[in-house]
Amino acid sequence: MEQSVRFTTTPRGVQVAWAQVGSGPVILAPPGWVGHLGHLWDEPASHAFQEALAEGHTFVTLDRPGTGLSDRRRTDFSMDADLDALEAVIAAQGSSRMSVLGISQGGALACVLAARRPELVDKLVLYGAFARGRLVGSSQVRAAVVALVRRHWGLGSRTLAQLFVGEDAGDPAVAESFARFQRDSASGEMAASLLESLYQLDVRDDLVRIRAPTLVIHRERDQAISVRCGRELAASIVGARFVSLPGAAHLAWVGDWGTLVNTVRGFLGDPPRSRPHEPARRGGEADRGAHPRSPGYELEYRELEDARAVPSARVRVAVAQADVRLEDHEQRGRGLLGLRRAAVAPTLERLARLVADAAR
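Residues numbered from 1 in each chain as written. Predicted model: local features only at pLDDT ≥ 70, side-chain atom pairs only at ≥ 80, totals over all residues. Heavy atoms only, no water.

J.: Lay out the sheet that holds strand β7 (residues 214–219) with the relevant residues and their values.
T.: If you trace the eight strands from one edge of the open sheet to the other, you get β1-β2-β4-β3-β5-β6-β7-β8, paired in mixed fashion. Either end of the sheet is taken by a strand with one partner, and the two such strands are β1 (4–9) and β8 (241–245). Going across the sheet, the axis of each strand differs from the next one's by a mean of 20°, ignoring polarity. (Pairing = 2+ DSSP bridges. Helix = DSSP H or I, 4+ residues; strand = E, 2+ residues; numbered from the N terminus. Axes fitted to C-alpha atoms, helices over the stretch in contact; angles between N-to-C directions.)

As C-alpha cells, this is what we get:
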C-alpha cells in the first residue's frame, strides 16, 4: 500500500498534516501525545499495523499540531484546538461518516468527537485510552515526568519509551527506536507542554453523551495507561463492551498486534485479515523485504538553549536557520516531501547567503 500525505488548515490558520492508506470505509485515528506520519510509516511494525487496519478500509490519521509534519508552533493546548485540527482533516478527507479508532490520548479526542459530532461517527473503538489524565500517574510522578522531558528530552524520551514498549518487544532496540521517534516528533519543550495538557484532560462529561456502538480494548499489564482507565471508560459509555487482551505493551503495534487488529475488525463487521501477523525479526525489524534495517548511525540530541549542554573546550557550534516553505515542496514516495525542481536554484541561493552570513 502507498501512504498519501496531505495538508489542510484549521479555521484558526493552523496547518495540519494528515495521511490516508487503502480504500473503502474510513477508519479515522485521532492523534496521541506526539507523532510523526513519515516516521510511523517507515517503522516496519507500525507500517504493517496500519496496512492491516487498511485492509478493506481507508485508514486516516494526522499529526497533532505542535508535532510531526503539522505546524510545530503551538500555544493553545486545549481540547478545542485538537478538535479543530481533527474536524479540518475530516472535512478535507470528505467522508460523511466513519469508524473512529482512538489510541492512547487519541481515545479522549475520539470520545469528544463521538459526543459532539454524533452524525460523523458510525462506530467507536478505544485502545489503551483514558478519560481522566490524573489517573495516568500520581501527582508526584506526573510532575517528575514533565520536568524530566522539559529539562532532558534525551533521557525523558528513553524513559517513556521503556514504559510504552513494556516487556513485549523482546529487543531493546525497539525502545531505543521509539525514543528517537519521540525526539523527531517534537521538541522537548513542546512534548512537556503536551504532557501537561494530557494530565489535565477530563472528558467524563462527554462520555455520557456517546451513542455510537463502542468497543474498549486494553492490554492487561499496560504500565503506561493502567487497565483501570479502560474499565472506567467502558463503564461510563452506554452499551460499551470491554475486552482485555494479554500483554504489557502500550504501543498498539508492539507485541501481539495481530490479535488486536482482528478484535477491531470483528467489531467493525470485517472478516479476520487475509494475512497472518508477521512477527518481528531479531533486532526489531519486521519480516518485510521492502523495509531494510536503518543505517548504522544515531542522531545526538542536545538542548542548545543551555550553553552548558555542549563542552566548549571540545566542540564549537554555530546555529543558523533558513526558510523552508511548504509551497516549494511536493510529495514523494513513502510519505516524504521533496523540493520542487523550480525551487532548487532559489533555495541554493538562500543557503549560500545563509552560509556566508554564518561564516561572517
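J.: Describe in detail helix α6 (residues 153–165), supporting the description with residues and values.
T.: Counted at 1.5 Å a residue, the expected span for α6 with its 13 residues is 18 Å, and the 18 Å between its end C-alpha atoms agrees. All of the buried residues along α6 are Trp153, Gly154, Gly156, Ser157, Leu160, Ala161, Phe164 and Val165. All buried residues of α6 project into a common sector of 160° when viewed along the axis, lining one side. The elements touched by buried residues of α6 are α5 (139–151), α7 (172–185) and α8 (188–199). Remark: Gly166 follows α6 within two positions and exhibits a positive phi of approximately 65°. (Expected span 1.5 Å × (residues − 1). Buried < 20%, exposed > 50% of the residue type's maximum accessible area, 1.4 Å probe, protein only. Arc of directions from axis to C-beta. Contact = heavy atoms within 4.5 Å.)

J.: I'd like a description of the pairing of strand β6 (residues 121–127), backed by residues and values.
T.: Among the seven residues in β6, five count as buried, and that is most of the element. Strand direction decides the pairing type here: strand β5 (residues 98–103) and β6, joined by six bridges, are parallel. Within the sheet, the bridge partner assigned to Ser99 lies in β6 and is Lys123. In this fold, the crossover linking β5 to β6 by way of helix α4 (residues 106–116) has right-handed handedness. Note: β6 against β7, four bridges, orientation parallel. Pairing of Val125 across the sheet is with Leu215, part of β7. (Right-handed = clockwise from strand over helix to strand, strands pointing away.)

J.: A description of the packing of aromatic side chains should follow, citing residues and the corresponding values.
T.: Per the stated rule, a full pass over the model turns up six aromatic pairs. With 6.3 Å between their ring centres and 65° between their planes, Trp33 and Phe164 make a pair best called edge-to-face. A residue pair is termed long-range when its members are at least 10 positions apart, and Trp33 in the loop between β3 (26–29) and α1 (37–42) and Phe164 in helix α6 qualify at 131 residues. Exposure remark for Phe164: the relative accessible area of 13% places this residue in the buried category. Taken together, the ring pairs in this structure connect Trp33, Trp153, Phe164, Phe178, Phe181 and Trp253 into an aromatic cluster. Sitting over the ring of Tyr199, Arg142 keeps its end group 6.0 Å from the ring centre. (Phe/Tyr/Trp six-rings, centres within 6.5 Å; stacked < 30°, edge-to-face > 60°. Lys NZ or Arg CZ within 6 Å of the ring centre and 35° of its normal.)

J.: So what about the packing of α5 against α8? Which residues, and what values?
T.: Pairs of packed helices are described in terms of their axes, by the angle between the two and the distance that separates them. Contact geometry of α5 with α8 gives a least axis separation of 8 Å together with a crossing angle of 165°. Taken together, the axes of α5 and α8 lie roughly antiparallel to each other. Crossing of α5 against α8: the hand is left-handed. From α5, Arg142, Val145, Val146, Val149 and Arg150 reach across to α8, where they touch Gly188, Glu189, Ala191, Ala192, Ser193, Leu195, Glu196 and Tyr199. Along the lines of polarity and charge, the residues of the contact of α5 with α8 split into seven nonpolar, two polar and four charged. (Parallel < 35°, antiparallel > 145°, perpendicular 65-115°, else oblique. Left-handed = near helix turned anticlockwise from the far one by under 90°. Nonpolar A, V, L, I, M, F, W, Y, C, P; charged D, E, K, R; others polar.)

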